[in-house]
Structures are given as C-alpha cells and as structure tokens.
Amino acid sequence: MSDIIKSEWLKLKRCQILLVGIVALALCPVAQYGTQLIVNPEIRDPDYDLIHLFANVIWGNTQVFLPLSLVMIGGWLIDRENSGDTMKNLLTVPVPYPRLLGSKLAVTGALALLFGIYSVLVTLLTGALAGLPGFVPAAILRLGFQTVAAAFATFLACMPMILIFGQLRGAYLGGSILTFFLGYCILFFKSGFLLSAYPFSAALVLSGFDMEEFNGAVVPPSIPLALLGMASVLALTAALLLLSRPSQKAKTERKAKSRGRRR
C-alpha cells in the first residue's frame, strides 16, 4: 500500500491544478484582511489581532478554498487514469480497485495537512507584515493546530465528493464547484441540527472553531452531533469505496491485454 501511495504522490508533479490550491490558500489571508479593511475600516483598531485573522482564514478555508481545491485535485487523481487511458494498466496490478482509490484519497489527505501548514505560515507572514498584535507563542501553537485540524477535517467532509465526481469522467471540475456551494452553505446554519452535524460545520466544530463568535451561531454547537455528522461521512466514504468498480471499458481492455500476454 505504501508503494501505491508513493506512486500517487509522484503524480502530483504533473498536476497543474495543484497551483490553483496553492495560490488560493496564499491569497486567503490577504483577501480576508483586505476585505475587512474595505468593509470595516476600524479594523486598524488594536482589537483586531492575529486571533481574528486566523479565525477568518480558517472560516475562508473551510467555506471556500479547501473544498474547491481538494475535490479538484483529488478528483483529478482519479479521473486522469480514465482520461489518460492508464486505468487498464493499473488493473493488471494485483491491487483491489477500492484500495487503489483509497491510496488516492490518502494522498489528498496528506495534501490537506500540508495545505493547513502552508495556511499557517502564510497567515503568520500576513499578520507580521500587517503589524497585527497577538504574536504569542502559546496562541500561535493553538491557532496553528486549529488551522491544520480544520484543513484535515474539511478533507474528510470532501471525501465522498472526490470519489463520486472523480469516477465520472471529466466531472471533477463540476464536482469541485458543487462542493464549493456545499461549503458555502455553512454560512446559513446558525442553530439546530445542521449547525453541528452538517459535514463542513462539523469540520469547524471538531477543530475547536468558535461558531458563536465568527459564524453568528445563536446556540453553542454540539460536539456529539458533530461527531455523528463526520461519522456519517466516513461511513458513506467506506460504502463508496466498497461499491466502486472500474469502468467497463477499462475492464475489457485489461482482459484483452491479459489474453495477449498468454498468447
């Protein structure tokens, strides 16, 4: 399994879409700070500090940038095997198809963690250049962990979309746009079951994000409901992996190739 994951990781070198995620996440803290300057000029008040910038970045990553980027990249990793006509070669390797898809999810998950670390570094740089107060080691460690945790939890919420749209030839771009809208919906959940259990809300709740202060939630979110929501996503992902089958065309070409070898 480790060899398969390593092989999938090397394929990212040819993934030009990866640059979209890198640029988007780099612009996130800049956009968050710049938007606040325009909408709320009193941001220059000392009350706006590094904690507020990190909160805005975590919110922006979970709501917009990460769902779009992760589904686009993860879907590409799956789709390229069909569009590049390499799936028939992969099927000759004695590795179950669900495990092959699982390796692509594992690479996307590792990339989500790196995106989280990358967001932390860019946010710290933006805060330093903007002269924001709040550069306390304990706070930086807490906010950094929260940012990385939210990035990985967002990946977990995106896994079903990666599997579904990655296996529909040429559909991963449309899937990434749909996932963007699904992430954006957390803006409207201020109370009730969906505040905690909706997968993208659960990603924020489980990472320790303050939904009451930064999402305008009127009631405290529920950790058990958030766990239930994320468990549902994991169960759906497991079901999709077990039920996934390679395309009929790839299976036919694999059989033809096997017959040719026997001759």
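Residues numbered from 1 in each chain as written. Predicted model: local features only at pLDDT ≥ 70, side-chain atom pairs only at ≥ 80, totals over all residues. Heavy atoms only, no water.

Peer 1: Mind showing me how you'd approach the overall build of the protein chain here?
Peer 2: On a plain count of helices and strands, the protein chain comes out with 12 helices and 0 strands. When burial is assessed residue by residue, the protein chain has 47% of its 263 residues classed as buried. A sequence separation of at least 24 residues applies to 80% of the contacts in the protein chain between residues at least 6 apart. (Helix = DSSP H or I, 4+ residues; strand = E, 2+ residues; numbered from the N terminus. Buried < 20%, exposed > 50% of the residue type's maximum accessible area, 1.4 Å probe, protein only. Contact = heavy atoms within 4.5 Å.)

Peer 1: Would you take a moment to explain the packing of aromatic side chains for this structure?
Peer 2: Here the distance between the centres and the angle between the planes together describe a pair of aromatic rings. Applying the stated rule across the entire model yields 7 aromatic pairs. Pairing Trp59 with Phe209 gives two aromatic rings, centres 6.2 Å apart and planes at 20°, and the pair type is stacked. Highlighted residues: Trp59 in helix α3 (residues 50–83) and Phe209 in the loop between α9 (199–206) and α10 (211–214), separated in sequence by 150 residues. Taken individually, Trp59 and Phe209 each receive the classification buried, so the pair is uniform in this respect. (Phe/Tyr/Trp six-rings, centres within 6.5 Å; stacked < 30°, edge-to-face > 60°.)

Peer 1: For this particular structure, what's the right way to read the UniProt feature "transmembrane region" (unreviewed entry) in the protein chain?
Peer 2: In this structure's numbering, the residues bearing the UniProt feature "transmembrane region" (unreviewed entry) are residues 58–78, 105–131, 143–165, 177–201 and 221–243. Along residues 58–78 the backbone is 100% helical and 0% strand, and the end-to-end C-alpha distance reaches 27 Å. Secondary structure content for residues 143–165 is 100% helix and 0% strand, while the C-alpha to C-alpha distance between its ends is 32 Å. (UniProt positions renumbered as here; feature names shortened; annotations may be inferred.)

Peer 1: What exactly am I supposed to notice about the packing of α3 against helix α6 (residues 137–166) here?
Peer 2: Helix-helix packing is characterised by the crossing angle of the two axes and by the distance between the axes. One way to put it is that α3 packs onto α6 with a least axis distance of 8 Å and a crossing angle of 30°. In terms of orientation, α3 lies roughly parallel with respect to α6. Once α3 is placed against α6, the crossing between them reads as right-handed. Partitioned by chemical class, the residues of the contact of α3 with α6 number 18 nonpolar, 7 polar and 2 charged. (Axes fitted to C-alpha atoms, helices over the stretch in contact; angles between N-to-C directions. Parallel < 35°, antiparallel > 145°, perpendicular 65-115°, else oblique. Left-handed = near helix turned anticlockwise from the far one by under 90°. Nonpolar A, V, L, I, M, F, W, Y, C, P; charged D, E, K, R; others polar.)

Peer 1: Sorry if this is basic, but what is going on with the nonpolar core here?
Peer 2: For soluble globular proteins, the rule of thumb is that nonpolar side chains tend to be buried together. With 55 residues, the main nonpolar core has Ile73, Phe115 and Phe155 as its most contacted residues. Secondary-structure elements contributing two or more residues to this core are α2 (18–39), α3, α5 (97–130), α6, α9 and α11 (223–243). A per-element tally of this core places α6 first, with 12 residues. If we skip the residues at most four places from it in the chain, Ile73 touches Leu12, Cys15, Ile17, Leu18, Leu111 and Phe115. (Core = buried A, V, L, I, M, F, W, Y, C linked by side-chain atoms within 4.5 Å.)

Peer 1: Explanation requested: the confidence of the model for the protein chain in the structure shown.
Peer 2: The predicted structure's coordinates, where accompanied by low pLDDT, should not be read in detail. Here the protein chain averages 85 in pLDDT, and 86% of its residues register 70 or above. Per-element mean pLDDT across the protein chain ranges from 51 in helix α12 (residues 248–262) up to 97 in α11. (pLDDT = per-residue confidence, 0-100.)

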